[in-house]
Amino acid sequence: MLVLTRKVGEQILIGDDIVITVLDSRGDGVRIGIDAPRGVKIQREEVLRAVTEANLAAAAAGADDADALKALLQSGARVSTDDAGAERPET
């Protein structure tokens, strides 16, 4: 890992087409600006981690829901949705 000290207004160049500029420094935070080509993905690590965790949780819950729905369908029950979109067996 490269560790640099920069002052407000100073820049860091990555390759030929990515420029990171220190915009402001307040307390324990630093504002930066990133100038990069549109094709370069720039993501905040904490957001990417939260989305990954949510996807894993949804996939785990989906397996249980899929098994319950499969059991209902195999029993011959018909399934419809209410106004809120929740599935329930018809009587």
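Look above for the structure.
Criteria and thresholds
Position numbers for residues start from 1 in each chain and track the written sequence from start to end. Reporting in this predicted model follows two pLDDT cut-offs: at least 70 for local features of residues, and 80 or more for side-chain atom pairs to be given and counted; totals over whole chains, interfaces and linings ignore these cut-offs and use all residues. Only hydrogens and water are set aside when side-chain values are computed; all heavy atoms of the structure are taken into account. Strands here mean DSSP runs of E at least two residues long; helices mean DSSP runs of H or I at least four residues long; both are numbered from the N terminus. Each residue is placed in one exposure class: buried if its accessible area under a 1.4 Å probe, protein chains only, is under 20% of its type's maximum, exposed if it is over 50%, and partly exposed if it falls in between. Note on contacts: a residue pair qualifies if any of its non-hydrogen atoms lie within 4.5 Å across the two residues. Here the open area of atoms and residues is found with the Shrake-Rupley method and a 1.4 Å probe, where only the protein chains shown may cover a residue. Being paired, for any two strands, means DSSP has found at least two bridges between them. What counts as an axis is a line fitted to C-alpha atoms, over the stretch in contact for a helix, and the angles between N-to-C directions run from 0 to 180 degrees. Salt bridges are defined by distance alone: a side-chain nitrogen of Lys or Arg within 4 Å of a carboxyl oxygen of Asp or Glu.

S.K.: Describe in detail the overall build of the chain, supporting the description with residues and values.
M.R.: For the chain, the helix and strand inventory stands at one helix and five strands. Each helix and strand of the chain, placed in order from N terminus to C terminus, yields the pattern β-β-β-α-β-β. Split into buried and exposed, the 91 residues of the chain put 5% on the buried side. In the chain, 0% of the contacts between residues at least 6 apart in sequence involve partners at least 24 apart. Surface summary for the chain: the accessible area is close to 8,000 Å², and the carbon and sulfur share equals 54%.

S.K.: Any chance you could break down the sheet that holds strand 1 (residues 11-14) for me, citing the residues and the numbers?
M.R.: Read from one edge of the open sheet, three strands run 1-2-3, paired in antiparallel fashion. On the outer flanks of this sheet lie strand 1 and strand 3 (29-35), each paired with one strand and no other. On average, adjacent strands in this sheet sit at an angle of 25 degrees to one another, irrespective of strand direction.

S.K.: Go over the pattern of salt bridges with me, naming the residues and quoting the values.
M.R.: Taken as a whole and judged by the stated rule, the model has four salt bridges. A salt bridge links Glu10 to Arg6, with the shortest nitrogen-to-oxygen separation between them at 3.7 Å. Glu10 gets classed as partly exposed once you look at its relative accessible area, which sits at 29%. Judged by its relative accessible area of 37%, Arg6 is partly exposed.

S.K.: I'd like to hear about the side chain of Thr21, residue by residue, with values.
M.R.: Inspection of the secondary structure puts Thr21 in strand 2 (residues 18-26). Look past the residues within four positions of Thr21 in its chain and what remains in contact with it is Gly9, Glu10, Gln11, Arg31, Ile32 and Gly33.

S.K.: Mind laying out the environment of Val30, listing which residues take part and the relevant values?
M.R.: Assignment of secondary structure puts Val30 in strand 3. Accessibility expressed as a relative area gives 54% for Val30, which makes it exposed. Spatially, the C-alpha atoms of Val30 and Val8 are 9.2 Å apart, while their sequence positions differ by 22 residues. Residue contacts for Val30: discarding those within four places in its chain leaves Val22, Asp24 and Ser25.

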